[in-house]
Amino acid sequence: MLHLDLDAFFAAVEQRDKPSLRGKPVVVGGVGGRGVVSTASYEARRYGVRSAMSTREARSRCPHAAFLSGRFHAYREASRAVMGLLRSVSPLVEPLSLDEAFVDLQQADLPDLEVATVTAFAEELRGRVTEATRGLTASVGVGTSKFIAKVASDLDKPDGLVVVPPGTEQDLLRPMHVTVLPGVGPATAERLRRAGIHTVAELEQVDLDELVRLVGKAHGGGLFQLARALDDRPVVPEREAKSVSVEGTYDTDLTDRKLMEGLLTRQAGEVAARLRKSGLSGRTVSIKVRLHDFTTLSRSSTLGSPTDAAGTIARLARSLLTDLDTSGGVRLLGVGVSGLADWVQEDLFGDTAEEEPELPEIEIPHHSRRTWAPGMDVEHDELGRGWVWGSGRGVVTVRFETATSPAGPVRSYAEDDPALRPWTPEPAPEDE
DNA sequence: TCTGGGGTCCTAGGACCC
DNA sequence: TCTGGGGTCCTAGGACCC
């Protein structure tokens, strides 16, 4: 089994496409008051900036970093190139996210699976990934299972390769902390710690009954196996989506119920649009509400038949909000649909569904999407392609450079200057 | 103005059914 | 005369992953 992980993926794509950021700290993530870091470049990690850290803290640790809000079209494009390359090597490829995948090497065209053979193959593959992505690097791990491959890819980051020879798995794992096991996060680690279990070696000494008592049935059984390096999970190339959701955290807490209803309505519309785009519909509509104190509530309701209609989802979402006490303020709202079916209910009455959201556009004071997000691609009538360095007080600052034409000028414009437009790539061919 | 967004899976209780 | 035993569906919450 091979596991491939692109190094500091989002930040690396930014450095590739913005030559002035190469070798410099780059932080990609939410740039608002309540944003968190998605990816920090290795230069930023030297200052202690980490994924999932609040952007506020990242700014205080590394004020001179470039803070960018992310360009998912570019990440998707790079990801497609990598996944395509992997699929050319083995039909059994399981993407875990845009930047990670498992590859079943038994289905690849290799003369054998000896360590030397696999090592040479993986090295070549890493090189081809760098070519296919015009310069991104990948860390790769190879082992006798998904679990071991994944642990291995982490051992020599960035730009590394580790092949774990068969038979050496337990020697590798035993000294490691229990959090290397997939499924052991902070809560489980704390339970185990209270039972005096810190390392995989210690976990291995715990019998199954005790483990089930500590962490529950399903989880306990899994950990018992993983602690012994037993993992026969297959590579699953395609999996069906089980839910579709949209959520948002707002820079200031919401208190106005009408505004909340307006936001839920808008989110319902986005969920419906995504359902339709994938030819899906679902029976269960859920909302998620995070209060000012971070307590998180959810409410759901199941319909008799699946829907992808914005109006239906919106009405249900708003009605689910009514029994919640939001008087202390709401920091997050979300709408989701689950219980998905890949078909839509026949319209027995022959009506064409009307899909106008029944609430008028609502003026949303603090939460409107920034038109000029830092890092976004723009195009100027005279100066061509560039990216937004910063914006505010009615002014946008643009650095004119691309991956292939670095060292352009930096200019500032009025936010409503008609010569300046967001740049979006040609829409990708429909294939998903 | 600590704490994103998109997901998956599990648990536990109650309803309901045979 | 006490209170079966599954199974499935639904809801709410929580842990975890990238």
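You'll find the structure just up there.
So, a few notes on the structure that sits alongside this text. No experiment lies behind these values; they were computed from the predicted model shown.

Rules of the game
- In every chain, residue numbers begin from 1 and rise along the written sequence.
- Written order determines the labels here, with chains lettered from A and ligands numbered from 1.
- Note on the predicted model: pLDDT of at least 70 is required for a residue's local features to be given, and 80 or more for side-chain atom pairs to be given and counted; whole-chain, interface and lining totals, by contrast, use all residues.
- The basis for every side-chain value is the complete set of non-hydrogen atoms in the structure, without hydrogens or water.
- For two strands to be treated as a pair, DSSP must find no fewer than two bridges joining them.
- Helical segments are the DSSP runs of H or I of at least four residues, strand segments are the runs of E of at least two, and each set is numbered from the N terminus.
- Convention adopted: a line fitted to C-alpha atoms gives each axis, helices being fitted over their contacting stretch, and angles between N-to-C directions are expressed from 0 to 180 degrees.
- We call two residues in contact whenever any of their non-hydrogen atoms come within 4.5 Å of each other.
- When a carboxyl oxygen of Asp or Glu lies within 4 Å of a side-chain nitrogen of Lys or Arg, that pair is called a salt bridge.
- The buried label goes to any residue with under 20% of its type's maximum accessible area, the exposed label to any with over 50%, and the partly exposed label to all in between, with areas taken from a 1.4 Å probe on protein chains only.
- Only heavy atoms are used to decide nearness, and a residue is near a molecule or strand if one of them lies within 4 Å of it.
- Under the rule applied, a polar contact is a pair of N or O atoms within 3.5 Å (in protein, one hydrogen donor and one hydrogen acceptor; residues adjacent in sequence only if both atoms are side-chain atoms).

1. Quick word on the sheet that holds strand β7 (residues 138-142)
Then comes step 1: Read from one edge of the open sheet, five strands run β5-β6-β1-β7-β8, paired in mixed fashion. Edge strands, defined here as strands with exactly one partner in the open sheet, are β5 (93-97) and β8 (161-163). Between one strand axis and the next, the sheet turns by 15° as a mean value, whatever way the strands run.
Then comes step 2: The sheet contact formed by β7 and β8 spans three bridges and is parallel. Residue Gly 141 lies in a different strand from β8, and its bridge partner there is Val 162.
Then comes step 3: In the packing of helix α5 (residues 115-132) onto the sheet, the strands contacted are β1 (2-6), β7 and β8, and the crossing angle to β8 comes to about 155°.
Then comes step 4: Against the sheet, helix α6 (residues 146-153) touches β1, β5, β6 (100-103), β7 and β8, its axis set at about 140° to β7.

2. Considering the pattern of salt bridges
Then comes step 1: If you walk through the whole model with that rule in mind, you get 25 salt bridges.
Then comes step 2: For Glu 94, the salt bridge identified is with Lys 146, shortest N-O distance 2.7 Å. Of this pair, Glu 94 sits in strand β5 while Lys 146 is found in helix α6, placing the two residues 52 residues apart along the sequence. In this pair, the class of Glu 94 matches that of Lys 146, namely buried.
Then comes step 3: Two residues, Glu 247 and Lys 288, come together in a salt bridge whose shortest N-O distance is 3.1 Å.

3. Some remarks on the protein's contact with DNA strand B
Then comes step 1: Around DNA strand B sit 25 residues in total, of which Glu 247, Thr 249, Thr 252, Arg 274 and Arg 331 are the nearest.
Then comes step 2: Counting only atoms of DNA strand B within 4 Å of the protein, the fraction found in sugar and phosphate groups is 64%.
Then comes step 3: The separation between a phosphate oxygen of DNA strand B and a polar side-chain atom of Arg 56 is 3.1 Å.
Then comes step 4: Between DNA strand B and Ser 243 there is a distance of 2.8 Å, counted from a phosphate oxygen to a side-chain nitrogen or oxygen.
Then comes step 5: Elements with a minimum of two residues in the surface near DNA strand B: α11 (217-227), β9 (243-254) and β12 (330-341).

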